[in-house]
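# Breakdown of the fold
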Amino acid sequence: MIGFRLSAQKPPEARRITDDVIQRFEHIYEVDPAKMTIIEQQDMPAWDTMRIVDSRWEHLAWMHDHWADTVLTAEDLGEGGPHPDG
Amino acid sequence: MTTFVAIRDTVVDELRAILGEEGVLTGKAARYNRTRVPAPFPVHRWAEYVPDLVVLPRSAEQVSEIVKLANRERIPVVPRAGGTGLNDGALPLKRGIVVDIKRMNQIKEVDLVDRTVTVGPGINMLKLNEELRKHNVMFPDDPASYPCSLVGGRIGTSGWSLIGGRYGHTRDLVISFQIVLPTGEIIEVGDGGGRKIRKSSSGFQLKHLFMGHQGTLGIVTEATLELVPRPEMEFAAFFHYPSYTAAWESTGALAKSGLASLGGVVLFDEYKLRYLRRDDEAYIPRPDHVRAVVATALYGTRDEVEPAARRIMRIGRESGGTYLGDEISSGDWASRHDRYATPLHGRLDSGEVVPMSWHCEDASINYSQLPAVMEKWHAITARYAEKTGILDDWGMFAYTNGAYKPWGDYLTEIDIGIWEQKLSDDNWPDWVACKREIGQVALDHGGSITACHGATREGDAELIPVEMGGGFDVMLKIKAALDPNNIMNPGKYELDRAYGLDEKVFR
């Protein structure tokens, strides 16, 4: 990253997902800050959130590779991806 | 009766002569960091359990010298491997010397002809398998602490493996090991003799006596382990169900599939789904009718796994399951090798987030008894959560428990968040009583109070004589014969009774 970009620092506005959960980035959920008064929520720049999420995906990919040469999925078998209501 | 004494400076000097200056740690940080393990701990009494010093041996001979010295001086000795136990095996209840085995982490021999690897007990399975990969073989002992637990601790606990249905558990994967007895002798134990022999009928099967000893019968200093071909293929499938009963019936059908590549089947109950939907990103978006989940995983050659995967998909669907999709199936499964990385928070009744540590109470329960045990365990937890205000029910899972034959009985766990900062002399007895009631339910239903963690501490340990019956008297006689001065991990498993002691494990 070269120079300052506001979008890399400031997370987008949150939208409510459930009574307990909010979301600022797709697939990334946060506890509702209203439920975090005893332990206050940490302010994180957007880039740091994305770094942690990317690291987690890298870790899972590493773990797959560590355990077997190939990961077979149901989709590979023609057995379908996610169920529409699951 | 053994009376333990404070360690004199001359003893420290003798230990330094055995181990060198860098092998004896007396500083506060080194000792406090080796006081507890992840299992809930009376943090309000932390200072009472800090070891007097820590030693870091490099060889069996050094361990033997340490133990002989401790015997002479009547000093408690507690071995510690990764310190990842969900039981208090590595906790120095009577202080003394903690023997940290992390420097004994060498790979001593890889035998690709007779298919074994011989290692020091301080090696971690992940690091071992990184080395073994170049030979296209693997040591498939796979606890949830896979990246951080050590071989010595796996033997001390008689550990359970996520993929034990396919490859067996620690007791099946450790062929033989070397152990320093409480009086300092160094011996080899296996099924019989022969360091690389998997099956023998010679004499008593001493490997099984020392497997799961929790540091009460000696210190393991070397182990010869099984090698299996590195899996060509992995397949994981997660199904969801509208009720616990539907998922339980499907679990039975999947576990009985007879597929040799089946690593395990896991049943997550409705409380677990409620917890995951609250606090786990993979489950938060799931609709309310997703009430229970069953997970399966296969490992083996491509020729085995592909047809087996088709059969798993068919059985899962025909028994009422709905496939949860590739992303959650493969992603959630990969994360199961590394559950200790989970950040830990829990909730009060109000939904407020507080820091909590993870406790999981485990038992071995027959398939037929799972629904009844589940109901009782949640009721006990709810009662103590209301009474103490520091517990959070994180749900239950049941995981196929048999080696190679994954049906019949299940590693059954209830995960409970506990707000340790609030522990006190007032509520600690409530926590212990909660654990004891959970264990008693396991016994009432014909089970065992622990499948993989061990049961050395208050709340569990007093149920061991109940579960073992006459076998517990044999345990006492063995302990007294092998450890005449009760120096090896005293205070654990109610074994102090062998010496006329009957103390509470925690004061």
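Anyway, here's the lowdown on the structure attached to this text. Each chain has its residues counted from 1, following the order in which its sequence is written. Each chain takes a letter, starting from A, and each ligand takes a number, starting from 1, following the order in which they are written. With the structure being a predicted model, the display of local features is reserved for residues of pLDDT at least 70 and the display and counting of side-chain atom pairs for 80 or more, all residues being used for whole-chain, interface and lining totals. Where side-chain values are given, they derive from all heavy atoms of the structure, hydrogens and water being excluded.

For the rest of this paragraph, the subject is the sheet that holds strand S4 (residues 97-100) of chain B. Residue and element names in this part refer to chain B. Two strands are said to pair when DSSP picks up at least two bridges between them. Secondary structure is summarised from DSSP: a helix means a run of H or I of at least four residues, a strand means a run of E of at least two, and numbering begins at the N terminus for each. The strand order across the open sheet built from four strands is S1-S2-S4-S3, with neighbouring strands paired in mixed fashion. A single partner strand is all that each edge strand has here, and the edge strands are strand S1 (24-25) and strand S3 (77-80). Bridge count for S3 against S4 is four bridges, and the pairing is parallel. Residue Pro79 lies in a different strand from S4, and its bridge partner there is Val99.

Residues and elements named next belong to chain B. Reading across the sheet, the five strands line up as S5-S6-S10-S8-S9 and stay open at both edges, with antiparallel pairing between neighbours. Each having just a single partner strand, strand S5 (107-111) and strand S9 (186-189) make up the two edges of the open sheet. The mean angle between the axes of side-by-side strands here comes to 15 degrees, regardless of whether they run parallel or antiparallel. Inspection of the sheet shows strand S8 (residues 174-180) paired to strand S10 (residues 219-226) by six bridges, in the antiparallel sense. Each residue of the ladder has a partner; that of Val174, found in S10, is Leu225. We call two residues in contact whenever any of their non-hydrogen atoms come within 4.5 Å of each other. Structural elements are reduced to axes, namely lines fitted to C-alpha atoms, with helices fitted over the stretch in contact, and the angle between N-to-C directions of any two is expressed from 0 to 180 degrees. Contacts from helix H3 (residues 60-73) reach S8, S9 and S10 within the one sheet, and its direction differs from that of S8 by about 45 degrees.

Right, let's talk about the packing of helix H9 (residues 244-255) of chain B against helix H11 (residues 302-318) of chain B for a bit. Residues and elements named next belong to chain B. Two elements in contact, H9 and H11, have axes separated by 9 Å at closest approach and are oriented at 155 degrees. By the angle between their directions, the pair H9 and H11 is classed as roughly antiparallel. Here H9 and H11 pass one another in a crossing that is right-handed. Where H9 abuts H11, its residues Ser250, Ala253 and Leu254 lie against Ile312, Ile315 and Gly316. Polarity classes work like this: nonpolar for Ala, Val, Leu, Ile, Met, Phe, Trp, Tyr, Cys and Pro, charged for Asp, Glu, Lys and Arg, and polar for all others, with Gly in that last group. A class-by-class count of the residues in the contact of H9 with H11 yields four nonpolar, two polar and no charged. For classification purposes, an angle smaller than 35 degrees is called roughly parallel, one larger than 145 roughly antiparallel, one from 65 to 115 roughly perpendicular, and anything else oblique. The hand of a helix crossing depends on one turn: near helix anticlockwise from the far one by less than a right angle means left-handed, and clockwise means right-handed.

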